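Breakdown of the fold
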Amino acid sequence: DVKVTQSSRYLVKRTGEKVFLECVQDMDHENMFWYRQDPGLGLRLIYFSYDVKMKEKGDIPEGYSVSREKKERFSLILESASTNQTSMYLCASSTRILGPGYGYTFGSGTRLTVV
Amino acid sequence: AQSVAQPEDQVNVAEGNPLTVKCTYSVSGNPYLFWYVQYPNRGLQFLLKYITGDNLVKGSYGFEAEFNKSQTSFHLKKPSALVSDSALYFCAVRDSGTYKYIFGTGTRLKVLA
């Protein structure tokens, strides 16, 4: 069964800490995405990547960076965590094929609390 | 620009009754439309998709969705709701020329026993 694995289900970090959220997929997908989910706001795209070492900003990239050194792994980095980054973070992947049948596969999410 | 609207934050329905969760969209090209479901503290799971063809699409767990091009809607439906259907539902759209999806804000479905 295809999988997107997020390394932590729950994280608690202190303000100002550097935080790494890891995502690994085993489907050989080219595209990977990081979203944050907040009540009433739905899913908002932070960053995405179409290929190794490639990244593009999404709708809310401020305060975040990403790293994609290997095809299967896409890391989200909070350079200096702040309380307004407390949220559920969702990783997703998809094939590069633009055919209509190809949707996202999501990880289970990481609930980050910054105190 | 693409956009998706889910006008209802929450929908309550009695078990056994039919349910509808609404979604409207806006895209510049041909729309690819999706519904996802999220159970507490979990990621999103795929329910169904519309690409082309019949306007009524059948998906997982007895759900179906009706595509209406003139009203730019893609409402999720189920003939008989179960308590276990209680979850958060997201509608998503992808323009045929891009990889990115745009998600609605989500609708919380509560099925009451």
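Residues numbered from 1 in each chain as written. Chains lettered and ligands numbered in written order. Predicted model: local features only at pLDDT ≥ 70, side-chain atom pairs only at ≥ 80, totals over all residues. Heavy atoms only, no water.

This paragraph deals with the pattern of salt bridges. In the structure shown here, the tally under the stated rule is 9 salt bridges over all chains. Close ionic contact of Asp38(A) with Arg44(A) constitutes a salt bridge, the shortest N to O distance being 2.8 Å. With its nearest N and O atoms 2.9 Å apart, the salt bridge here joins Lys58(B) to Glu64(B). A residue is classified by how much of its surface remains accessible, and Lys58(B), at 63% relative accessible area, is exposed. The network of salt bridges with common partners includes Arg36(A), Asp38(A) and Arg44(A). (Salt bridge = Lys/Arg side-chain N within 4 Å of Asp/Glu carboxyl O. Buried < 20%, exposed > 50% of the residue type's maximum accessible area, 1.4 Å probe, protein only.)

Residues and elements named next belong to chain A. The 4 strands lie next to each other as 1-3-8-7, forming an open sheet whose pairing is antiparallel. Taken across any chain shown, the strands that pair with only one partner, and hence form the sheet edges, are strand 1 (4-6) and strand 7 (64-70). Averaged over neighbouring strand pairs, the angle between their axes works out to 20° when direction is ignored. Where strand 3 (residues 19-25) meets strand 8 (residues 73-78), 6 bridges bridge the pair, whose relative direction is antiparallel. Considered in strand 8, the bridge of Val24 is made with Arg73. (Pairing = 2+ DSSP bridges. Helix = DSSP H or I, 4+ residues; strand = E, 2+ residues; numbered from the N terminus. Axes fitted to C-alpha atoms, helices over the stretch in contact; angles between N-to-C directions.)

Opposite the 27 residues of chain A that make contact, chain B presents 21 residues. For the pair chain A and chain B, the number of links is 0 salt bridges. The interface formed by chain A and chain B includes 5 residue pairs in polar contact (both at pLDDT 80 or more). Those elements that provide at least two residues to the side of chain A that touches chain B are strand 4 (31-38), strand 5 (42-49) and strand 9 (87-94) of chain A. Here the residues of the side of chain A that touches chain B sort into 15 nonpolar, 9 polar and 3 charged. (Contact = heavy atoms within 4.5 Å. Polar contact = N/O pair within 3.5 Å; in protein donor to acceptor, adjacent residues only side chain to side chain. Nonpolar A, V, L, I, M, F, W, Y, C, P; charged D, E, K, R; others polar.)

All names here are of chain B. For strand 10 (residues 87-95), the buried fraction is high: 9 of the 9 residues fall into the buried class. Of the pairings in the sheet, the one linking strand 5 (residues 31-38) to strand 10 comprises 8 bridges and is antiparallel in character. Each residue of the ladder has a partner; that of Gln38, found in strand 10, is Leu88. Direction of pairing for strand 10 relative to strand 12 (residues 107-112): antiparallel, over a ladder of 3 bridges. Opposite Tyr89, over in strand 12, you have Thr107 as the bridge partner. For strand 10 and strand 11 (residues 102-103), the ladder comprises 2 bridges, and the chain directions are antiparallel. Across the sheet, residue Ala92 finds its bridge partner in strand 11, namely Phe103.

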